[in-house]
2 protein chains.
Amino acid sequence: MGIFTKNIETFDDLFLHQLQDLYYAENKITKKLPGMIAKATNRDLVAGLKAHLEETKGHVERLEQIFKKLGKKPESTDCPAIDGIIKEADEVSGEIADKEVLDAAIIASAQAVEHYEITKYGTLISWAYSLGHDAVIGLLVATLKEEEAADKKLTAVAEDKGVNRKAAS
Amino acid sequence: MGIFTKNIETFDDLFLHQLQDLYYAENKITKKLPGMIAKATNRDLVAGLKAHLEETKGHVERLEQIFKKLGKKPESTDCPAIDGIIKEADEVSGEIADKEVLDAAIIASAQAVEHYEITKYGTLISWAYSLGHDAVIGLLVATLKEEEAADKKLTAVAEDKGVNRKAAS
């Protein structure tokens with residue numbers, strides 16, 4: 001539990017809480033992605049998820065740099081949202097036997113994760129401007145751009161690399 | 001529980017499962033938005049959430065039309081993702097006493113909900129094309145556009161209508 005999880009008094013506390021929430025989420029994603037990669041079949045999907053696993057490790061490091069720039073220790077707080085998104089991914093994939101349908105489901109689940117991160121980094125950037133935390137904006141923007149690119153790449157794998165077509169055949 | 005929750009055999013089963021997931025999510029959101037509206041202070045935020053509550057009721061109706069067009073009965077399936085996103089919204093808002101900081105947190109939570117819906121409708125549209133469910137694409141696109149517009153409006157309320165500025169002051 002993060003130090004502010006029981007008492008968010010100021011906007012700065014809320015900002016720190018959301019950083020801790022994302023720190024939990026990014027760490028959790030680094031632990032879950034290998035399992036998704038192991039279940040995936042399509043070559044482009046596997047390559048895309050592997051590349052994103054490496055990026056995600058970089059996102060954890062960027063968050064650690066941000067905590068440091070703010071004079072805070074990196075800490076996590078519970079994040080029921082990412083837990084729920086991952087629980088749903090596990091439940092759906094556990095119900096699918098067909099490899100090609102499973103690839104389509106994995107892409108949908110990975111995009112739900114990406115969108116959660118996109119909205120949270122977007123919020124943090126907006127809040128950082130208002131709070132004058134100019135020193136961390138560049139780091140947050142760098143990660144946001146990678147999340148957005150990962151989401152677009154997953155759409156391309158689904159639509160242009162045969163995943164949806166094979167699932168439907 | 002939806003009829004396919006224990007056994008997704010085909011891509012069409014997966015499509016139906018995701019429709020049932022969104023039907024659960026949209027219904028849940030219509031139940032949660034009044035509480036968020038009651039907690040919000042900023043006039044533009046309250047107006048935006050009220051307008052989106054009415055839109056969300058329309059999204060439920062559109063999903064019912066989609067089930068009908070597919071020859072299926074409207075049913076829900078569990079959606080741990082939206083449950084988690086809403087649990088997180090409740091937990092964070094429960095820790096904030098300051099009304100202006102709370103407005104900023106409500107916007108962030110509402111945008112997390114929007115992004116979940118944006119990714120899910122995006123996926124359903126992509127799958128509907130692959131499956132040849134042309135008759136339902138227009139309805140899905142209409143809702144997606146409203147979710148994207150709601151997300152942008154929330155950003156505008158945060159950044160241009162004083163919510164972030166007041167939270168930071």
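Residues numbered from 1 in each chain as written. Chains lettered and ligands numbered in written order. Predicted model: local features only at pLDDT ≥ 70, side-chain atom pairs only at ≥ 80, totals over all residues. Heavy atoms only, no water.

A word on the overall build of chain A
Alright, step 1. Helix and strand counts for chain A stand at six helices and zero strands.
Alright, step 2. Each principal axis of the C-alpha atoms in chain A carries an extent, and together these give about 55 × 30 × 20 Å.
Alright, step 3. Split into buried and exposed, the 169 residues of chain A put 57% on the buried side.
Alright, step 4. When contacts within chain A are restricted to residue pairs at least 6 apart in sequence, those whose partners lie at least 24 apart make up 78%.
Alright, step 5. When the accessible surface of chain A is split by element, carbon and sulfur atoms take 51% of a total near 7100 Å².
Alright, step 6. Of the charged side chains in chain A, 22 are positive and 29 negative; the average position of the first set lies 5 Å away from that of the second. (Helix = DSSP H or I, 4+ residues; strand = E, 2+ residues; numbered from the N terminus. Buried < 20%, exposed > 50% of the residue type's maximum accessible area, 1.4 Å probe, protein only. Contact = heavy atoms within 4.5 Å. Areas by Shrake-Rupley, 256 points an atom, 1.4 Å probe, with all protein chains shown as cover. Lys, Arg positive; Asp, Glu negative; His and termini not counted. Charge placed at Lys NZ, Arg CZ, Asp CG, Glu CD.)

Details of the packing of helix H2 (residues 43–69) of chain A against helix H5 (residues 134–160) of chain A
The axes of two packed helices give the description: the angle between them and the distance between them.
Residues and elements named next belong to chain A.
Alright, step 1. One can describe the packing of H2 onto H5 by two numbers: an axis separation of 10 Å at closest approach and a directional angle of 165°. As summarised for this structure, H2 and H5 are arranged roughly antiparallel, according to the angle between their axes. Crossing of H2 over H5 shows left-handed handedness. Along the contact surface, H2 presents Asp44, Leu45, Gly48, Leu49, Ala51, His52, Glu55, His59, Arg62, Gln65, Ile66 and Lys69, while H5 presents Ala135, Val136, Leu139, Leu140, Ala142, Thr143, Glu146, Glu147, Ala150, Lys153, Leu154 and Val157. (Axes fitted to C-alpha atoms, helices over the stretch in contact; angles between N-to-C directions. Parallel < 35°, antiparallel > 145°, perpendicular 65-115°, else oblique. Left-handed = near helix turned anticlockwise from the far one by under 90°.)

Comments concerning the interface of chain B and chain A
Alright, step 1. Taken together, the contact between chain B and chain A spans 44 residues of the former and 44 residues of the latter.
Alright, step 2. In this assembly, chain B packs against chain A so that about 3400 Å² is buried in total across both faces, 58% of it on carbon and sulfur atoms.
Alright, step 3. If you sort the residues of chain B by the area they bury against chain A, B:Pro80, B:Glu88 and B:Glu95 come out on top, with a joint share of 19%.
Alright, step 4. Where chain B packs against chain A, one counts zero salt bridges.
Alright, step 5. Connecting chain B to chain A are 15 residue pairs in polar contact (both at pLDDT 80 or more).
Alright, step 6. Looking at the side of chain B that touches chain A, the elements that each hand over two or more residues are helix H1 (11–39), helix H3 (80–94), helix H4 (99–131) and helix H6 (163–168) of chain B.
Alright, step 7. Residue contributions to the side of chain B that touches chain A peak at 16 residues, all from H4(B).
Alright, step 8. Taken together, the residues that form the side of chain B that touches chain A break down as 22 nonpolar, 12 polar and 10 charged. (Buried area = accessible area lost by both parts, 1.4 Å probe. Salt bridge = Lys/Arg side-chain N within 4 Å of Asp/Glu carboxyl O. Polar contact = N/O pair within 3.5 Å; in protein donor to acceptor, adjacent residues only side chain to side chain. Nonpolar A, V, L, I, M, F, W, Y, C, P; charged D, E, K, R; others polar.)

Some thoughts on the side chain of A:Asn42
All names here are of chain A.
Alright, step 1. With respect to the helices and strands, Asn42 occurs in the loop between helix H1 (11–39) and H2.
Alright, step 2. Polar contacts involving the side chain of Asn42 include one to the main-chain amide nitrogen of Leu45, which spans 2.9 Å.
Alright, step 3. Every residue in contact with Asn42, bar those within four places of it in the chain, is listed here: Asp103, Val157, Lys161 and Val163.

Description of the relation of the copies chain B and chain A
Related by rotation about an axis and a shift along that axis, the two copies of the chain form a pair.
Alright, step 1. The transform that puts chain B on chain A rotates by 180° and translates by 0.0 Å along the axis, for an RMSD of 0.0 Å. Viewed as a symmetry operation, the transformation between the two copies matches a two-fold axis. The position closest to the rotation axis in chain B is occupied by the C-alpha of B:Gly84, lying 2.2 Å away.
Alright, step 2. Most of the interface of chain B is mirrored in chain A, where 100% of its interface residues are also at the interface. (Least-squares fit on C-alpha atoms with pLDDT ≥ 70 in both.)

As for the pattern of salt bridges
Residue and element names in this part refer to chain A.
Alright, step 1. With the rule as written, the count across this model stands at eight salt bridges over all chains.
Alright, step 2. Residue Lys57 is joined to Glu54 by a salt bridge in which the shortest nitrogen-to-oxygen separation is 3.3 Å. Of this pair, Lys57 and Glu54 are both found in helix H2, three residues apart, which corresponds to roughly one turn of the helix.
Alright, step 3. Here Glu54 falls in the partly exposed class, since its relative accessible area comes to 46%.
Alright, step 4. Across the pair Glu146 and Arg62 runs a salt bridge whose closest N-O atoms are separated by 3.3 Å. Of this pair, Glu146 sits in helix H5 while Arg62 sits in helix H2; the two residues are 84 residues apart in sequence, bridging distant segments of the chain.

Examining the environment of B:Thr77
Alright, step 1. Within the secondary structure layout, B:Thr77 lies in the loop between helix H2 (43–69) and H3.
Alright, step 2. Linking B:Thr77 and B:Tyr23, residues 54 residues apart in sequence, is a C-alpha distance of 7.9 Å.

Considering the nonpolar core
Alright, step 1. By size, the foremost hydrophobic cluster in this structure holds 114 residues, and its most contacted members are A:Leu14, A:Leu49, B:Leu14 and B:Leu49.
Alright, step 2. Sequence-distant contacts of B:Leu14, defined by excluding residues within four places in its chain, comprise A:Val92, A:Ile96, A:Val101, A:Ala104, A:Ala105, B:Ile8 and B:Trp127. (Core = buried A, V, L, I, M, F, W, Y, C linked by side-chain atoms within 4.5 Å.)

Comments concerning H1(A)
In an α-helix there are 3.6 residues to a turn, and that puts residues three or four apart on one side.
Alright, step 1. If you check H1(A), its first and last C-alpha atoms are 41 Å apart, about what 29 residues at 1.5 Å a residue would give, namely 42 Å.
Alright, step 2. Largest kink in H1(A): about 30°, centred on A:Lys32, with the proline A:Pro34 one to four residues after it. (Expected span 1.5 Å × (residues − 1). Bend = angle between axes of the 7 residues up to and from the residue.)

The values reported here are purely geometric and, on their own, carry no functional implication.
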